[in-house]
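Letter by letter, the chains look like this.
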Amino acid sequence: MAKKVSMGLSKSLLLKGFQCPKALWLTKRPPEFVLPERPDLEAKFRAGTEVGILAQQLYPGGVEVPYEGLTVPAQLAKTKELIEQGADVIYEASFSFSAIFVKVDLLVRDGDQWQIHEVKMGTSVKDVNLDDVAIQHYVLNGCGLSISKSFLVHIDNSYVRQGEIDVHQLFHSEEVTTQVKVRLQHIPDGVRELRETLRQLNEPDVDIGPHCTYPFECDFIPYCWQHIPANSVFDLRGRGVNKFDLYRRGVVTFDEIPLDQLNAKQRQQVEATLHQQDTVHAEGVQAFLDSLWYPLYHLDFETFSAPIPKFDGTRPYQQVPFQYSIHAQQVAGGDAQHFEYLAPPNVDPRRELAEQLLAVIPEDACILTYNQSFEKGVLRELAKQFPDLADALQQRIANIRDLMEPFRKRDLYRWQMQGSYSIKEVLPAMVPELNYKELTIADGSAAMQAYHTMCAMELGEELDQLRRDLLRYCEMDTWAMVKVLEALHANIITQ
């Protein structure tokens, strides 16, 4: 006998179902399939919680209905009690109507009515946010509350922190009452349709599509995309042909794609992959190599960002450098000397990082980066923050060259690069004995998460190990550049 599935829903489940009813069905009836962990979602959840708590200061003096430590019935009862007692502001007010449970970030009394204030850590109002508030409005109306206005409270990324956080400058409150009322009309039918889907015993027949990643990346992509082979239309890099249009026409693998429908780079990717062909334009590679000089310093930064600026003089989501790695070569093909910096937790790293970097990299050195716009952006922010260092930093910026250039231009292309010029694809194609797979921290996103984790940890071996992992990852980035540059020289010699 099939297990009975609960028809109970929440705001997040409804939003999941509106995006894809199959995703909701799979959430209620999990498949026998191991889904990969999503540490990025855990990090976003923690950041969102921090933003929500801070936003409570917009309406101080309220009472919270906590999620932790209270059952759902207890949360509902506590909210009802607070309303009856005349509370003017309730944080995380809890309601249930038609077996739909919601929590309202900020519920503010407005005479005989109430205002909904939904807090988001984004920097603008998105369509899915309006659906979010419309669900709350629907449930609260069902519970007998009259809603006067609805607001979306989001981050103002023009705010610059100076001293204690000013919540009235950090947050921008945008009234969305009219847009929410339009969407409110469709909520009852949407709920009814999703419940009909949940009653089905068989998995809904919903094919993959753009909805798999918009407005959110679905947890079930690894499950629903199992039938897509390697080297499919979805592996084509860049814009151009409509990949889902090809897929719906039954064109899936590279050998099925009409080449005349592809742009030049996509066509090169397909043909190179099918025939395992490499391309070298020696003149272009040589022109790049000729643009470099010695001493040469390979440079890579790691940065963090956060919705709530951590240090004075920073904005929400500003990329703040906390680490660098440098491999220095005095002559072409010479030994590479390594320098590194990793900030201590919870200390503004920018001044010390900038001073140490200037001490390490000579004024006349060539600085080689991978994706120069990122490193230049970091250095420009440092120059803006520290005027006394600006001239020296601007000199280093002028000396930056980009190792990505010959790969972006495809002056050198290996079929294993899969149409990408990311260092993560270029490195194993150019230097097969090197890759990032064995590293505990293997990309910039994981490094950023590690920094935030580091700032929340107590002193001890676990923290020390995390710092070692960060240093190893950043060092790998610049060592990879050393080896890729060697491979570029080798390719020219063999031409």
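Conventions adopted
Per-chain numbering applies: the sequence of each chain, read as written, is numbered from 1 onward. Where local features are concerned, this predicted model is filtered to residues with pLDDT of at least 70; where side-chain atom pairs are given and counted, the filter is 80 or more; whole-chain, interface and lining totals use all residues. Just so you know, side-chain values use all the structure's heavy atoms and leave hydrogens and water out. Strands are runs of DSSP state E lasting at least 2 residues, helices are runs of H or I lasting at least 4, and numbering of each runs from the N terminus. Between buried and exposed lies partly exposed: a residue is buried under 20% and exposed over 50% of the maximum accessible area for its type, with that area taken using a 1.4 Å probe on protein chains only. Contacts are residue-level and defined by heavy atoms, with any inter-residue pair within 4.5 Å sufficient. Each accessible area is a Shrake-Rupley estimate made with a 1.4 Å probe; only the visible protein chains count as cover when residues are assessed. The charge count treats Lys and Arg as positive and Asp and Glu as negative. His and the chain ends do not count. Just so you know, the charge point we use is NZ for Lys, CZ for Arg, CG for Asp and CD for Glu. Simply put, an axis is a line fit to the C-alpha atoms, just over the touching stretch for a helix, and the angle between two N-to-C directions goes from 0 to 180 degrees. Roughly parallel covers angles under 35 degrees, roughly antiparallel covers those over 145, roughly perpendicular covers 65 to 115, and oblique covers all other angles. It is the rotation of the near helix from the far one that decides the hand of a crossing: anticlockwise by less than a right angle makes it left-handed, clockwise makes it right-handed. We call two N or O atoms a polar contact when they sit within 3.5 Å, provided that within protein one can donate a hydrogen and the other can accept it, with sequence-adjacent residues counted only if both atoms are side-chain atoms. We define a salt bridge as a side-chain nitrogen of Lys or Arg found within 4 Å of a carboxyl oxygen belonging to Asp or Glu. We define the nonpolar core as a collection of buried residues of types Ala, Val, Leu, Ile, Met, Phe, Trp, Tyr and Cys that are connected through side-chain atoms lying within 4.5 Å of one another. Paired strands, as defined in this entry, are two strands with at least two bridges between them according to DSSP. If you view a crossover with the strands going away from you and the path from the first strand over the helix to the second runs clockwise, you call it right-handed.

J.: Provide a residue-level description of the overall build of the chain, including the pertinent values.
T.: Across its full length, the chain carries 19 helices and 14 strands. Here the C-alpha coordinates of the chain stretch approximately 80 × 60 × 45 Å along the principal axes. Burial status across the chain gives 47% buried among its 495 residues. Within the chain, residue pairs in contact and separated by at least 24 positions form 68% of the contacts whose partners lie at least 6 positions apart. For the chain, the exposed area adds up to about 24,500 Å²; of that, 50% sits on carbon and sulfur atoms. When the 49 basic and 69 acidic side-chain charges of the chain are each reduced to a single mean position, those positions are 5 Å apart.

J.: Tell me what's going on with the environment of Val119, and back it up with residues and numbers.
T.: Within the secondary structure, Val119 sits in strand β5 (residues 113-119). Residues Val119 and Leu184, spaced 65 residues apart in sequence, show a C-alpha to C-alpha distance of 19 Å.

J.: Give a description of the packing of helix α13 (residues 350-360) against helix α14 (residues 372-385) that names residues and reports values.
T.: At a minimum axis separation of 11 Å, α13 and α14 run at an interaxial angle of 110°. The orientation of α13 with respect to α14, classified from their angle, is roughly perpendicular. Along this stretch, α13 crosses α14, giving a crossing that reads as left-handed. Contacts between α13 and α14 involve Arg350, Leu353, Ala354 and Leu357 from the first element and Leu379, Leu382 and Gln385 from the second.

J.: Explain the environment of Gln226 to me, using residue names and the numbers behind them.
T.: Take Gln226: it is sitting in the loop between α9 (221-224) and α10 (243-248). Using a relative accessible area of 49% as the deciding quantity, one classes Gln226 as partly exposed. Separated by 262 residues in sequence, Gln226 and Leu488 place their C-alpha atoms 37 Å apart. Among the polar contacts listed, one links the side chain of Gln226 to the backbone oxygen of Tyr223, at a separation of 2.9 Å.

J.: Describe the pattern of salt bridges, naming the residues involved and giving the relevant values.
T.: All chains considered together, the criterion is met by 26 salt bridges. Residues Arg183 and Asp131 are paired through a salt bridge, measuring 2.9 Å at the closest nitrogen-oxygen approach. Highlighted residues: Arg183 in helix α7 (residues 177-184) and Asp131 in helix α5 (residues 127-142), separated in sequence by 52 residues. The partly exposed category is assigned to Arg183, whose relative accessible area is 24%. Arg192 is paired through a salt bridge with Asp189; the nearest N and O atoms lie 2.4 Å apart. Taken together, the residues Arg192 and Asp189, both in helix α8 (residues 187-199) and three residues apart, mark about one turn of the helix. By relative accessible area, which is 48% here, Arg192 ends up partly exposed. The class of Asp189 is partly exposed, set by a relative accessible area of 41%. Each member of the salt-bridge network shares a partner with another, and the members are Lys11, Glu118, Lys120 and Asp132.

J.: Describe in detail the nonpolar core, supporting the description with residues and values.
T.: Ranked by size, the top nonpolar core spans 73 residues in total, and within it Tyr324, Leu403, Phe407, Met430 and Leu488 carry the most contacts. The leading source of residues in this core is helix α19 (residues 461-494), at twelve residues. Discounting residues that sit within four places of it in the chain, Met430 has contacts with Phe407, Leu412, Arg414, Met417, Ala487, Leu488 and Asn491. In terms of nonpolar packing, the next biggest core, distinct from the first, is built from 35 residues, Ala87, Leu130, Leu140 and Val191 among them.

J.: Describe the pairing of strand β6 (residues 147-155), and please don't skip the residues or the numbers.
T.: Within β6, eight of the nine residues are buried, which leaves it mostly tucked inside the rest of the structure. Note: β5 against β6, six bridges, orientation parallel. Bridge pairing in β6 places Glu118 opposite Leu152. Each parallel crossover has a hand, and the one from β5 via α5 to β6 is right-handed. In the sheet, β6 pairs with strand β7 (residues 171-175) via five bridges, with the strands oriented antiparallel. Counterpart to Val153 in the pairing with β7 is Ser173.

J.: Describe the pairing of strand β4 (residues 100-110), listing the residues and the values that go with them.
T.: Burial analysis of β4 places nine of its eleven residues in the buried class, which makes it a mostly covered element. Sheet topology note: the strand β1 (residues 9-10)/β4 ladder contains two bridges and is parallel. Within β4, the position partnered with Ser10 by the bridge is Phe101. Both strand β3 (residues 89-97) and β4 contribute to a ladder of eight bridges, which runs antiparallel. Bridging from a neighbouring strand, Ser96 pairs with Phe101 of β4. Linkage of β3 to β4, two consecutive antiparallel strands, is achieved through a turn of two residues, within which Ser98 is found at a positive phi near 55°. Pairing geometry for β4 and β5, over five bridges, is antiparallel. Directly across from Leu107, in β5, lies its bridge partner Ile116.

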